[in-house]
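Working through the structure, step by step
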Amino acid sequence: MTLPRRFPHNKQIIKRIQNTVKPEEGAKFITNRNPRNLEFLRIAEKPKGYFLDTPFSKPAYFWHKLVVTPSAKYVTAELIHHQNGVVLEASTKEWAIKKQLFKTSDTSAYINLARVFANRCLECGITEMTTKPLEGPKIEKFMSILRENGLVLTEPPQIDTWSDLTINRYQGKRIVPNDWKEIVEEH
């Protein structure tokens, strides 16, 4: 069994997962019913958007995007999925967070909100996301706390599975990568 990226290396947790994931006797396949599995494998296509949606120099390709919205009284952090909208949200408006803070928009509020948000992301299994470039000492502290808690603030590139297996339209032959030539010649 291969472990997901940045998985905690606690032996008890790993044993519990291995016991729950064992296939039944005689079964040849395990079906993964996670709808976002292809995104974690980097095979799913990132949305390209329309030509005029983004600036020409920086196209906005993402699966998950972090949006931090500060207001006069509160701070909200949202994780947005490109298809389903808001997946996770943490805010200093929440009673459980607000109760522990002296002020809901100071630096300590950003630090504690980052810890809560990172914990929720890790519980859901989301470790990589893109961010909008924001400036300010509070936002920078927020981002550094997210990095310390194990989140990666850039998404890996999409693996282009078909670029190596395209048909050369001028010669009509299938182009096969060098690593696969031995396998293709055997069959």
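In the block above lies the structure referred to throughout.
Residues numbered from 1 in each chain as written. Predicted model: local features only at pLDDT ≥ 70, side-chain atom pairs only at ≥ 80, totals over all residues. Heavy atoms only, no water.

This brings us to the environment of Ser 105. With respect to the helices, strands and loops of the structure, Ser 105 is situated in the loop between helix H3 (95-98) and helix H4 (107-124). Among the residues examined, Ser 105 registers a relative accessible area of 13% and is labelled buried. In the structure, Ser 105 is positioned 31 residues away from Tyr 74 in sequence and 5.3 Å away in space, judged by C-alpha atoms. Non-local contacts of Ser 105, meaning those with residues more than four positions away in its chain, are made with Ala 72, Lys 73, Val 75, Tyr 110 and Lys 138. (Helix = DSSP H or I, 4+ residues; strand = E, 2+ residues; numbered from the N terminus. Buried < 20%, exposed > 50% of the residue type's maximum accessible area, 1.4 Å probe, protein only. Contact = heavy atoms within 4.5 Å.)

Turning to the pattern of salt bridges, a few remarks are in order. Where charged atoms from two side chains of opposite charge approach closely, those side chains can pair. By the definition in use, this model includes one salt bridge. Across the pair Glu 94 and Arg 120 runs a salt bridge, and its minimum N-O distance is 2.8 Å. Highlighted residues: Glu 94 in the loop between strand E3 (85-91) and H3 and Arg 120 in helix H4, separated in sequence by 26 residues. By relative accessible area, which is 25% here, Glu 94 ends up partly exposed. (Salt bridge = Lys/Arg side-chain N within 4 Å of Asp/Glu carboxyl O.)

As a further point, take the pairing of E3. Two elements, strand E2 (residues 75-81) and E3, share six bridges in a ladder whose sense is antiparallel. Within the sheet, the bridge partner assigned to His 81 lies in E3 and is Gly 85. Joining the antiparallel neighbours E2 and E3 is a turn of three residues. (Pairing = 2+ DSSP bridges.)

Moving on to the nonpolar core. Counting 26 residues, the largest nonpolar core has Leu 66, Val 68, Phe 117, Met 129, Phe 142, Met 143 and Leu 146 as the members making the most contacts within it. Where this core is concerned, the elements lending two or more residues are strand E1 (64-70), E2, E3, H4 and helix H5 (137-148). The contact partners of Phe 142, leaving out residues within four places of it in the chain, are Leu 66, Val 68, Ala 77, Tyr 110, Leu 113 and Ala 114. (Core = buried A, V, L, I, M, F, W, Y, C linked by side-chain atoms within 4.5 Å.)

We now examine the packing of H4 against H5. With their axes 9 Å apart at the nearest point, H4 and H5 run at an angle of 30 degrees to one another. As far as their axial angle goes, H5 and H4 are roughly parallel. In terms of crossing hand, the pair formed by H4 and H5 is right-handed. Residues Thr 107, Tyr 110, Ile 111, Leu 113, Ala 114, Arg 115, Phe 117 and Ala 118 of H4 lie in contact with H5, whose contacting residues are Lys 138, Ile 139, Lys 141, Phe 142, Ile 145 and Leu 146. (Axes fitted to C-alpha atoms, helices over the stretch in contact; angles between N-to-C directions. Parallel < 35°, antiparallel > 145°, perpendicular 65-115°, else oblique. Left-handed = near helix turned anticlockwise from the far one by under 90°.)

Here we take up the sheet that holds strand E4 (residues 130-131). Neighbouring strands of a sheet are bound in pairs by backbone hydrogen bonds; such pairs are parallel or else antiparallel. Here we have four strands laid out as an open sheet, ordered E3-E2-E1-E4, and mixed in their pairing. The open sheet is flanked by E3 and E4, the only strands paired with a single partner. Against the sheet, H4 engages E1, E2 and E3, with an angle of about 140 degrees to E3. Sitting on the sheet, H5 is in contact with E1, E2 and E4, with an inclination near 140 degrees to E1.

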